[in-house]
Amino acid sequence: MSEKQQKPAPIGTEDLWAIGLGGGLLAVMLVATAFAGLDPVANPLARGVAKPGTWINSPVEGLSLGIWAGIFTTAAVFQGLFRTAARSLTPGLLGFFPAFLTVFALATLAFVLGGQAFVKSLSLSYPLFAILAGLAISNTVGVPRYLRPALRGELYIKTGLVLYGGELLLAELFALGPPGMAVAWLVTPVVLVATYLFGQKVLGIESKTLNVVVSADMSVCGVSAAIATAAACKAKKEELSLAVGISMLFTAVMMFAIPAVAVGTGMDARWAGAWIGGTIDSSGAVAAAGETLGEEAAAVAITVKLIQNVLIGVIAFAVATYWVTVVESAEGRDRPGLGVVWERFPKFVLGFLGASVVFSLVAAYAPAGEEIVTAATKTTKTLRAWCFCLAFVAIGLETDFRQLRGLLAKGKPLVLYACGQTLNIVLTLAVAYVMFVILFPAS
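A quick note: this is a predicted structure, and the numbers were derived from the prediction, not measured. (Residues numbered from 1 in each chain as written. Predicted model: local features only at pLDDT ≥ 70, side-chain atom pairs only at ≥ 80, totals over all residues. Heavy atoms only, no water.)

### Digging into the overall build of the protein chain
Cut-off, in case you're wondering: Secondary structure is summarised from DSSP: a helix means a run of H or I of at least four residues, a strand means a run of E of at least two, and numbering begins at the N terminus for each. Any pair of residues with heavy atoms lying within 4.5 Å of one another is described as a contacting pair. Note that accessible areas follow from Shrake-Rupley with a 1.4 Å probe, and for residues the cover is restricted to the protein chains shown.
Of regular secondary structure, the protein chain possesses 20 helices and 0 strands. Projected onto its principal axes, the C-alpha coordinates of the protein chain cover approximately 75 × 65 × 45 Å. Long-range pairs, those at least 24 residues apart, make up 78% of the contacts in the protein chain between residues at least 6 apart in sequence. With an accessible surface of roughly 19300 Å², the protein chain has 67% of that area assigned to carbon and sulfur atoms.

Written as C-alpha cells, this is what we have:
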C-alpha cells in the first residue's frame, strides 16, 4: 500500500480529547462568569445550557420555551465539539450528525422520564432511564448501523468526569477535618479490597473485571468510580452497565432505609450524616437522604461524599497498577514495567484532578472567587449531566446482555454487591460513631 493509500492516523487520544473538551468548557464558563461584571455574580452563558426540568402531571411542565432553547443550543454545541473529536479519533468518519441527534433525543427522553417528581424522589434518575433506552433497542431490534458513528460512550463520560472535577473544591473536602477523612478514606479501600477478594475467593466470579468494577462502584462513589475503574482494567461495556444498574437499584432502597434507621434509633445528626455520605452511592441521593434528617446531617453527608469522590483518581491508578502487574502477569503475560502502568492509567483522571485544583484556587484567592465558581459550576453541572446521559444511552446501545448470561445466571454480581454493601454499611457506621461521637463530638 502506497503512502497515498494509507489511512490517516488518529489525532490525539480519547483521554486527551476528553481533557481538552471538558477543560475547555470549564475555562469558558469560568472566564465568562469572572468577566461578566454582574451583581450578583452570574454566568451570562447559563441560558444557553438547559435540560428538561421536574414535572408532576405532564412532561410539558418541565419543558418551557426557555428550556427548549437551552436544549437545542446544548445539542448544537455538543454536536460540533464531539463531531470534531470523533473525526479526529477516526479520520474519515461519516454520518456523525444524524447519529448524534438520535442519541441526543434518547438522552432527552431519559431526562424527561427521570424528571417526574415521584420517580425522582425514588432516586431513579436519568442514568437508569438512559441505559434502559439503549438496552431496549440493542437487546430487541438491534442497533441501526447509522447510529454507530455517535456511539462514543467513553468519550462522553470521560468529558463529563473532567467537568465534574470543577465541582470538587478542596476547602469543602477538608471542612470536616480528620473525622470526615477517616470515614471516607479509611473505610472505602478496606471495603473495596474485601469485596473484590470475596468475589474471587468465595463467590468465584469468573470475570475479574466485572468483580472489581462492581466493588469500586459500591465502595467508592457509584457511577463515577465505576467508569474510572472500568477504564483502568479495560472492562466490557456490558459489565459497566450491569454495575451501574445494580448500584442504582440499591441506592433507591438505601436512600429511604438508612435515614429511617437513623431516626428510629435516635442517632446523632453528624453520625447519621457521615453514615449516609459513606454508604449511599449517588451524590444526589446522599443530599436527599441527608436533608430528611436536617441541615447538619445533610452538610456532613454531602461533605463526606465529596471527600470520598476524591478517591476516584487514586482508585483508578491503584487498579491500573494491580491489573498490569498482578492480574495480567498471572495470566501468563510478561510482567510489565511502570511504562505499561502509565499506558493503562486513565489519563482523563488527571483532567478531573486538575480541574478540582484550578477551581479550588480560584474560589480561595480570586476576588469574589467563591461566587464566581458557584455560578460557573451551576452551568457546568448541567453540561456534565448531559455528558453522562449521552454516555449511558451509548453504553446501553452497545450492551448485549446475552454476552453476560453466564455471569448473571446464578446472580453472583447481585450477591457480591449486597454482601459488599452490607460490610460497607456496618463498617462505616462503626467508624463514623468512633470519629463523630467519641473522638470528635459536636461542641
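### Observations regarding helix α10 (residues 223-233)
Each full turn of the α-helix corresponds to 3.6 residues, which orients residues three or four apart in the same direction. Threshold: Residue exposure (1.4 Å probe, protein chains only): buried if accessible area is under 20% of the type maximum, exposed if over 50%, otherwise partly exposed.
The element α10 is largely enclosed, with a buried count of 11 among its 11 residues. What α10 keeps buried is the set Val223, Ser224, Ala225, Ala226, Ile227, Ala228, Thr229, Ala230, Ala231, Ala232 and Cys233. Once α10 ends, the next one or two residues include lysine 234, with phi positive near 60°.

### Examining the packing of aromatic side chains
Defined as follows: Pairing of aromatic rings covers Phe, Tyr and the six-membered ring of Trp, with a centre-to-centre limit of 6.5 Å; geometry is then stacked below 30 degrees between planes, edge-to-face above 60, and tilted otherwise.
Counted according to the given criterion, the structure contains 16 aromatic pairs. Judged by centre distance (6.4 Å) and plane angle (40°), the ring pair of phenylalanine 82 and phenylalanine 100 falls under tilted. Pair noted here: phenylalanine 82 is in helix α2 (residues 65-89) and phenylalanine 100 is in helix α3 (residues 96-114), with a separation of 18 residues, a long-range link. Of the two residues, phenylalanine 82 and phenylalanine 100, both sit in the buried class. Measuring from centroid to centroid gives 5.6 Å for phenylalanine 96 and phenylalanine 100, while their planes differ by 20°, and the two rings are stacked. Placement of the pair is phenylalanine 96 and phenylalanine 100 together in helix α3, with a separation of 4 residues, close to one helical turn.

### With respect to unusual backbone geometry
The backbone phi angle of lysine 234 is positive, close to 60°, even though this residue is not glycine. Mapped onto the elements, lysine 234 comes out in the loop between α10 and α11 (237-265). By relative accessible area, lysine 234 is classed as exposed at 58%. Within the chain, alanine 368 stands out as a residue other than glycine whose phi angle is a positive 55°.

### Some words on the nonpolar core
So the rule is basically this: Here the nonpolar core consists of buried residues drawn from Ala, Val, Leu, Ile, Met, Phe, Trp, Tyr and Cys, with membership extended through side-chain atoms lying within 4.5 Å.
Counting 137 residues, the largest nonpolar core has Phe82 and Phe392 as its most contacted members. Broken down by element, the residue count for this core peaks at 16 residues, all from helix α18 (residues 369-397). Beyond its immediate stretch of four places on either side in the chain, phenylalanine 392 contacts Pro127, Ala130, Ile131, Ile157, Val223, Ile227 and Val244.

### Side note on the environment of valine 393
Relative to the assigned elements, valine 393 resides in helix α18. Between the C-alpha atom of valine 393 and that of phenylalanine 104, which follows or precedes it by 289 residues, the distance is 8.6 Å.

### Quick notes on helix α5 (residues 126-138)
This is how it is decided: Helix span is expected to be 1.5 Å times the residue number reduced by one.
The terminal C-alpha atoms of α5, which comprises 13 residues, lie 18 Å apart, in line with the 18 Å expected from a rise of 1.5 Å per residue. In terms of burial, α5 is a largely internal element, 10 of the 13 residues being buried. Buried within α5 are the following residues: Tyr126, Pro127, Leu128, Phe129, Ala130, Ile131, Ala133, Gly134, Leu135 and Ser138. Taken together, the buried residues of α5 touch α3, α4 (117-121), α11 and α18.

### Focus on the packing of α3 against α18
Two quantities define a packed helix pair, namely the angle between the axes and the distance from one axis to the other. Defined as follows: Angular values range over 0 to 180 degrees, each being the angle between N-to-C directions of two axes fitted as lines to C-alpha atoms, with helices fitted over their stretch in contact. Note on angle classes: values under 35 degrees are labelled roughly parallel, values over 145 roughly antiparallel, values of 65 to 115 roughly perpendicular, and the remainder oblique.
At a minimum axis distance of 9 Å, the contact between α3 and α18 shows a crossing angle of 110°. When the axis of α3 is compared with that of α18, the two are roughly perpendicular. Counted together, Phe100, Val103, Phe104, Leu106, Ala107, Thr108, Ala110 and Phe111 of α3 and Ala385, Trp386, Cys389, Leu390, Val393 and Leu397 of α18 form the full contact between these two elements.

### Focus on the environment of glutamate 239
Inclusion rule: For the purposes of these results, a polar contact is taken to be a pair of N or O atoms within 3.5 Å, where, inside protein, one atom must be able to donate a hydrogen and its partner to accept one; residues adjacent in sequence count only when each atom of the pair is a side-chain atom.
Its place among the elements puts glutamate 239 in helix α11. Here glutamate 239 falls in the buried class, since its relative accessible area comes to 2%. Side chain to side chain, glutamate 239 and serine 207 meet in a polar contact 2.5 Å long. Only 2.8 Å separates the side chain of glutamate 239 from the side chain of threonine 209, close enough to count as a polar contact.

### Comments concerning a nonpolar patch on the surface
Applicable threshold: Only residues above 30% relative accessible area that lack a salt bridge enter a patch, with like-charged residues linked at up to 9 Å and the nonpolar side chains Val, Leu, Ile, Met, Phe, Trp and Tyr linked at up to 5 Å. We define a salt bridge as a side-chain nitrogen of Lys or Arg found within 4 Å of a carboxyl oxygen belonging to Asp or Glu.
On the surface, a nonpolar cluster with roughly 600 Å² of combined accessible area is contributed by Leu170, Phe174, Trp185, Val357, Leu361 and Tyr365. Top contributing element to the nonpolar patch by residue count: helix α17 (residues 348-365), with 3 residues. Mapped onto the fold, valine 357 is located in helix α17.

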